[in-house]
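Examination of the molecular architecture
Letter by letter, the chains look like this.
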Amino acid sequence: MTDTTTTSRKGNITSKASVSVLFAGDSGDGMQLTGTQFANTVAVRGSELNTFPNFPSEIRAPAGTISGVSGFQLQFGSKPVYTPGAKFDVMIAMNSAALKANIKDLHRGGIIIAGTEGFDEKNLKLAGYPAGVNPLEDGSLSNYIVFKVPVLQLTREALKESGLSSREIDRCKNMFVLGLLYWLYNLTVEGTAETLRAKFKKNPQMAEANIKAVEAGYNFGDETEIFANLGRFDVAPQKQHGLYRRVTGNEASAIALAAAAKKAGLELFLGSYPITPATEILQNLAKMKKWGVKTFQAEDEIAGIVSSIGASFGGALAATNTSGPGLALKTEALGLAVIMEIPLVIVNVQRGGPSTGLPTKPEQSDLFMALYGRHGDAPMPVIAASSPVDCFYTTYEAARIALEHMTPVLCLTDGYLALSSEPWEVESPDNLAEIKPRIQPARKPEDPPYLPYKRDENLVRSWAIPGTPGLEHRIGGLEKQNETGNVSHDPDNHALMTKLRAEKVNRIADSIPLQAIDNGPEKGDLLVLGWGSSYGAIKTAVEQALEQGLSVAHAHLRYIHPFPKNLKTILGNYKKIVIPENNNGQLVHVIRDTFLIEPVGYSKVTGLPFNEMEILDKITDLLKEL
Amino acid sequence: MTEKDTTVTAGSMYTAKDFASSQEPKWCPGCGDHAVLQQIKSTLPDLGISKENFAFISGIGCSSRLPYYMATYGVHGIHGRALPMATGLKTARPDLCVWVATGDGDALSIGGNHFIHTLRRNPDLNVILLNNEIYGLTKGQYSPTTKIGMRTVTSPSGVIDHPFNTASLAIGSGGTFFARAFDRDGKYLRSLFTRAAKHKGMSLVEIYQGCPIFNNSAFEAFASAEAKAEHTVYLEQGKPLVFGAASNKGIKLEGFKPVVVDLQKEGLSLSDLWVHDEADINKAAILARFADDVAGEESSLPRPMGILYAEDRVTYEDALTAQIEEAQAKGAGTLAELLKGENSYVIK
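Please read all numbers here as calculations on a predicted model, not as lab measurements. All residue numbers here refer to positions counted from 1 along the written sequence of the relevant chain. Going through the entries in the order they are written, you letter the chains from A and number the ligands from 1. Side-chain atom pairs in this predicted model are given and counted only at pLDDT of 80 or more, local residue features only at pLDDT of at least 70, and totals for whole chains, interfaces and linings cover all residues.

Bringing the sheet that holds strand 22 (residues 574-581) of chain A into the picture now. Whether parallel or antiparallel, the strands of a sheet pair through hydrogen bonds between backbone atoms. All names here are of chain A. Strand pairing is defined by DSSP finding a minimum of two bridges between the two strands. Helix numbers and strand numbers start at the N terminus; a helix is a DSSP run of H or I with at least 4 residues, a strand a run of E with at least 2. Spatial strand order, 20-19-22-23: four strands in an open sheet with parallel pairing. Only two strands of the sheet have a single partner each, and these edge strands are strand 20 (552-557) and strand 23 (600-603). Between one strand axis and the next, the sheet turns through 25° on average, direction left out of account. Sheet analysis places strand 19 (residues 524-531) next to strand 20, joined by six bridges and oriented parallel. What sits directly across from Leu529, in strand 20, is Ala555. Sheet contacts for helix 17 (residues 535-547): strand 19, strand 20 and strand 22; angle to strand 20, the most-contacted strand, approximately 165°. Any pair of residues counts as being in contact when their C-beta atoms, constructed from backbone geometry, are within 7 Å of one another. Whenever a helix is involved, its axis is fitted only over the stretch in contact; in every case the axis is a line through C-alpha atoms, and angles between N-to-C directions fall within 0 to 180 degrees. Along the sheet, helix 20 (residues 612-625) makes contact with strand 19, strand 20, strand 22 and strand 23, crossing strand 19 at roughly 145°.

Structure below.
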């Protein structure tokens, strides 16, 4: 990427292909709102965008400390961006703890905008700096471009006649910073003004004060001399014209469930229990009553899934959402759904484990549990989403498989996808795949008796929904006799049913797309095989490796059980396979076990997603070994 | 498991036999479950509901096999989870008549959390809790209703856990209907099931029954033909609480304290007695604590049978349906609107 600089009346404007920004401050500083507003502004202008919030699991962690730091990172660009950026170009540090916690991820030569009031003696002590040490004063930041801005003082001056209390005025300081960033990146404040007026509809005084703070920040950039040498930046918008919305992974999953129900002509029922980082799926669906969505906040994870099994028996598209510890609690009920052979979607938003683990940190923690974590031989399709927008398509696909193959389906996302966002070009209803539930029609008196476990050519049984005359039947957790569904303890029957359940799931491979190579040659030295949220980092790293002329390709799995039928062939086309995973090595076991090959595992279990630099380094190292 | 002919749509055209599935009950001979099953099958034809609109849901335990013996839709689920399954079904399908068969272990131990929360939410379910104060299917371990001191295979020195009082628990959890009967109550059982079915909300009917193998004498102290008249009182709405073989005894409320009085000896008339009002939650709470014999001790007060409490309250599914109807007052949302969302933007 080449930066071009033009000179305008207001100083130099340097054009950038992409920029990564971190807004960091104390939990109470409003950094999430600030980052969201900035993201909305660049999205609406037509930038490519990827955002990621990073906040403590405590609601109000001790103010001023490292554990209380809340961050919102985003990357926007004139070309597609797949991650919030491995390192950021600009960091807003509202206090010294925010600086200390994040400075390691700022590019050398990057910009720091520090709110000086957050670097007073008290804050420095809370952040753990030794007495008398202030990083803004001691030269330790000489590798960066540092702007010291008395944000609080300037906000107070700007709002002194606003009529707000001093406490309310102080809370507007994040909007001042937002305005300053708008100036720095050649953006306008109008969109935010509109949003703030809508947000504070019942309190116009508050709305106007916030807008004034944004404008004050913008004007400060314009008038102050401190940016004279740096100038401003511009990231030209590049999106094609069209209708867009910005979605997080959890929003996308929620929309997908409601959309799949509509497309299938069914009602959606979600039985759920709040758990980080999956809760927004329940929250979003609870708001969709206009679409007839029924949500049930159960007393626990078990009741969440079991109520969904009840709703599925009743003929609804039934789903439940959870995260690791909740999935553990649901496993007995998953076995029931497997043996009942009823449609059910489980969206598992993975987080760091084991046990309570790292509730707010992403990890690809639950692949083993998804594949194997049930009593008995209880196979279930497992699919995984690769980006916030892909959470829509993958969750929708989970619903399609569940309804068309009469099976529970585990859809894996994670805390990174759940909370990250990107622009999504709004789908047209006609473009969504058809979904044809296997509903059994009413039985006439002259028809033979209904056989609940009679199967079609794909080994799929039919869905007999209560209220349908002539199809009354009983099913449950006890082993069933083939076809009749009557309770059976017959040894041969159990062996047969075990094999039928497995083969039914295996045959799903006949109707899913073949695995594609995302990028790179069809044959070559190295294949980076990913699954889930590592997509963006791998995509970016492989792009860069290809630019360097390396023989590397990228394939990303959505279907993990069953695998696409051509996966074995693809794996045979490369000298080496590397599997990056945010866990201690799970897919790598499955690939080794299934195909009897020796892929290289590359684990990162830090509670942080991969970044493109780490993957690129690994690619380079592995190719050197060849 | 399917039935041959279910095309009859008028409820009155059914008999009990129409609700018998092809499967032979596998309960022990002498078990009260047989009698309860028979009374349920006899109740359904009177409800005027088409066969295909019934669903029976259960968890695990002896009682939970019941759905297999009904010629209706049914699910035999997992241990303790019948109530959330039934709630999900009823929420998705308010048009169905949903019954739950459960036991003291299934409902009060492993499913205890679901029990209290389902009661407070009040979905329109008919829940039959078969209480034999023992774990039968796993062969004789103590349950949450087993009396203190009872020796079982897991309490060889005697139970030390304080037992649940099902009625108090149900009323305290915000339940809207609680009734109690014996497995041997015959037609009376049927009348309670009919009332339970007609109650809009979660109706809980606790049935006292011995386990012929592991706890045969659980309720003998007051259920036997000889003891019943002296040790139980059958509640009737608007009627005074009278009991005894000669109907000579009554219950009088002195402040908050119920006392047994002898009508003749004390020269009292029926108008001096406690008159049953099933809508009075305070009286129901006192009734629930009659004969609170946690260790099988003899009580001076008789055990109340029948409907202790019944309250009209909106059901969970009706409240949810009302919210959906309100949200759809100006028309249901379309798929296109769903995909577009509220914060979409156009890039020109």
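Before going further, it helps to examine the interface of chain B and chain A. Of the residues lining the interface, 58 residues belong to chain B; the matching set on chain A comes to 62 residues. Sort the elements by how many residues they give to the side of chain B that touches chain A and helix 2 (residues 82-92) of chain B lands first, with eight residues. As paired elements, strand 10 (residues 242-248) of chain A and strand 12 (residues 345-347) of chain B share three bridges and run antiparallel to each other. Residue A:Gly242 lies in a different strand from strand 12 of chain B, and its bridge partner there is B:Ile347.

On to the confidence of the model for chain B, then. Residues and elements named next belong to chain B. Overall, the predicted model of chain B reaches an average pLDDT of 94, with 97% of residues at or above 70. Across residues 1-11, confidence stays below pLDDT 50; counting only partners more than four residues off in sequence or on other chains, it has 34 contacts. Per the prediction output, this complex has pTM 0.95; the corresponding ipTM is 0.95. Think of pLDDT as the predictor's per-residue confidence, scored from 0 to 100.

Spatially, the nine strands line up as an open sheet ordered 18(A)-2(B)-1(B)-3(B)-4(B)-6(B)-5(B)-11(B)-7(B), and their pairing is mixed. Two strands bound the open sheet, and with one partner strand each, they are strand 18 (474-476) of chain A together with strand 7 (232-234) of chain B. Neighbour-to-neighbour, the strand axes of this sheet turn through a mean angle of 20°, independent of strand direction. In the sheet, strand 1 (residues 54-58) of chain B pairs with strand 3 (residues 97-103) of chain B via five bridges, with the strands oriented parallel. Across the sheet, the residue bridging to B:Phe54 is B:Cys97, located in strand 3 of chain B. Sheet strands touched by helix 6 (residues 187-198) of chain B: strand 3, strand 4 (125-131), strand 5 (177-182), strand 6 (203-208) and strand 11 (303-310) of chain B. Its angle to strand 5 of chain B, the strand with the most contacts, is close to 165°.

For the rest of this paragraph, the subject is the packing of helix 11 (residues 301-313) of chain A against helix 12 (residues 324-340) of chain A. Residues and elements named next belong to chain A. Taken N-terminus to C-terminus, the directions of helix 11 and helix 12 make an angle of 25°; their axes are 8 Å apart at the nearest point. Between helix 11 and helix 12, the angle falls in the class roughly parallel. Judged by the sense of rotation from one axis to the other, the crossing of helix 11 with helix 12 is right-handed. Contacts from Glu301, Ile302, Ile305, Val306 and Ile309 in helix 11 reach Gly326, Leu329, Lys330, Ala333, Leu336 and Ala337 in helix 12. Class assignment for the residues of the contact of helix 11 with helix 12 results in eight nonpolar, one polar and two charged. Put simply, angles under 35 degrees are roughly parallel, angles over 145 are roughly antiparallel, angles from 65 to 115 are roughly perpendicular, and the rest are oblique. Helix crossings get a hand from a simple test, with the near helix turned counterclockwise from the far one by less than a right angle marking a left-handed crossing and a clockwise turn marking a right-handed one. Note that Gly is not counted as nonpolar here; it falls among the polar residues with everything else outside the nonpolar set of Ala, Val, Leu, Ile, Met, Phe, Trp, Tyr, Cys and Pro and the charged set of Asp, Glu, Lys and Arg.

Let us now look at the packing of helix 9 (residues 249-264) of chain A against helix 10 (residues 279-286) of chain A. Residue and element names in this part refer to chain A. In contact at an axis separation of 8 Å, helix 9 and helix 10 are set at 50° when each is read in the N-to-C sense. Relative to helix 10, the element helix 9 is oriented oblique. Helix 10 is crossed by helix 9, and the crossing has right-handed handedness. In contact with Asn250, Glu251, Ser253, Ala254, Leu257 and Ala258 of helix 9, helix 10 contributes Glu280, Ile281, Asn284 and Leu285. The residue makeup of the contact of helix 9 with helix 10, split by class, is five nonpolar, three polar and two charged.

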